[in-house]
Amino acid sequence: MSKLWQARFFTTVNQLRDLPNTVVPEIAFAGRSNAGKSTAINILTNQKGLAFASKTPGRTQHINYFSIGGAHVGQHRKDPTIVDEIRCLLVDLPGYGYAEVSGTAKLHWQKLLGDYVQRREQLAALVLIMDSRRPFTDLDTQMLEWFAPTGKPIHCILTKADKLNRNEQANVLREAKGVLESYVDEDGEGFPFTVQLFSALKRIGIEEADAKIQSLVGLDIEPEADEAGDDAVDGGSDEAPADDNQAPDHS
C-alpha cells in the first residue's frame, strides 16, 4: 500500500501569513484549471473526494494541505492528526487560467502562487499537472520560470494520455523532455525537471508518479527510531500532545 494513501485533510489557507507553522517537507501540485489536477491527487491518494474538483473550474481559490502520517489511514477517520508525527504535506494549489474568473481573483492567485512557490522554504518540489494535449501553456511556463530559480525539482505529469494514440504519446513526451531540457542555470547546468504520461481513466503512470512523489519528499526512506533522542530533548516526558498540536477535522 502506498504511503500516499494515508493522506487526509490538514488545513486550508487563503493568505501566505496563514501557512502552517510546520517544518516537514511539502510537495505542491499546480496546474491549469481543467488539466485534471484534483483527479490526479485523488487517484494517487486512493480517495475519491480528498481534493475538491469544482463543477466550475477555477472556483477553488485556497491552498489546501493534506498530511501524510500522524493519523490512521483514511480521510473518513475522525481521530486527531498528531502534527509531530506528520511525515510530509501534499499541497493543492489553486488552479489557474480559467477565463470566467474575475480579474481581481486572478491577481490574487498570481501573487499567492508566485510568492508561495518562490519563498516557501519547506517546499521540497513541485508537481506540475498539464493536459497532454495542450502542455506548456503560457501560464504553465510562467509557473516553471517562477520555480526554476529555486533549484528544486519539478515533476511534470501529462494527464489524459488515454486521449492520445501511442505515436502521439511518444511525440508529446519527447517534446516535453526537450522543453524541460532547454532550461539551464547561469552555469549552463540543467534543472532537476522530469516528466511522465498519466491517465486516471486508463491508470497509466500511477505507479511511476507515486514512486517519484514519495522519493521527492523522502517517503521512500523509513525514518530512524529516535525515541531515545526525543526523550533527551523533552526530558523524557510521556505526556500526551496538547490539543493545540492537533489539526482540525475536514468537514
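In case you missed it, the structure is sitting above this.
Numbering of residues starts from 1 in each chain and follows the order in which that chain's sequence is written. Given that this is a predicted model, residues contribute local features only at a pLDDT of at least 70 and side-chain atom pairs are listed and counted only at 80 or more, while totals for whole chains, interfaces and linings are drawn from all residues. To get the side-chain values, take all heavy atoms of the structure and skip hydrogens and water.

Caption draft 1: Quick look at unusual backbone geometry. Positive phi, close to 60°, is recorded for Lys160, a residue that is not glycine. Only protein chains enter the accessibility calculation, which uses a 1.4 Å probe; a residue is then buried when its area is under 20% of its type maximum, exposed when over 50%, and partly exposed in between. Note on Lys160: relative accessible area 26%, which makes it partly exposed. Of note, the phi angle at Arg203 is positive, near 55°, even though the residue is not glycine. Turning to its location among the elements, Arg203 is positioned in the loop between β7 (193-197) and α5 (206-216). The secondary structure listing takes helices from DSSP runs of H or I that are at least 4 residues long and strands from runs of E that are at least 2 residues long, numbered from the N terminus.

Caption draft 2: Here's a closer look at the side chain of Gln169. Its place among the elements puts Gln169 in helix α4 (residues 166-181). Whenever two N or O atoms come within 3.5 Å, that pair is a polar contact, provided that in protein one can donate a hydrogen and the other can accept it, and provided that, for residues adjacent in sequence, both atoms are side-chain atoms. Only 3.3 Å separates the side chain of Gln169 from the backbone oxygen of Leu164, close enough to count as a polar contact. If sequence neighbours within four positions are ignored, Gln169 has contacts with Ala161, Asp162, Leu164, Leu197 and Ile204. Note on contacts: a residue pair is in contact if any heavy atoms of the two residues lie within 4.5 Å.

Caption draft 3: Fine view of the side chain of Asn64. Relative to the elements of secondary structure, Asn64 occurs in strand β3 (residues 63-69). A relative accessible area of 12% places Asn64 in the buried class. A polar contact of 2.6 Å, which involves the side chain of Asn64, links it to the side chain of Thr12. With residues up to four places along the chain from it excluded, the contact list for Asn64 reads Phe9, Thr11, Thr12, Leu90, Val91 and Asp92.

Caption draft 4: Spotlight on the pairing of β7. The buried count for β7 comes to 4 of 5 residues, which makes it a mostly enclosed element. Bridge count between strand β6 (residues 154-159) and β7: 5 bridges; the pairing is parallel. Looking across to β7, one finds that Cys156 is bridged to Val195. Strands are labelled as partners when DSSP assigns at least two bridges between them.

Caption draft 5: Structural view of the sheet that holds β3. An order of β1-β3-β4-β2-β5-β6-β7 is seen for the 7 strands of this open sheet, with the pairing classed as mixed. Where the open sheet ends on each side, the last strands, each with one partner, are β1 (8-13) and β7. Averaged over all pairs of adjacent strands, the angle between their axes in this sheet comes to 20°, without regard to strand direction. The pairing of strand β5 (residues 123-131) with β6 spans 6 bridges and is parallel. Bridged to Met130 within β6 is Leu158. Helix axes use the C-alpha atoms of the stretch in contact, all axes being lines fitted to C-alpha atoms, and the angles between their N-to-C directions lie in the range 0 to 180 degrees. Packing against the sheet, helix α1 (residues 37-45) makes contact with β2 (26-31), β4 (86-92) and β5, and its axis sits at approximately 140° to β2.

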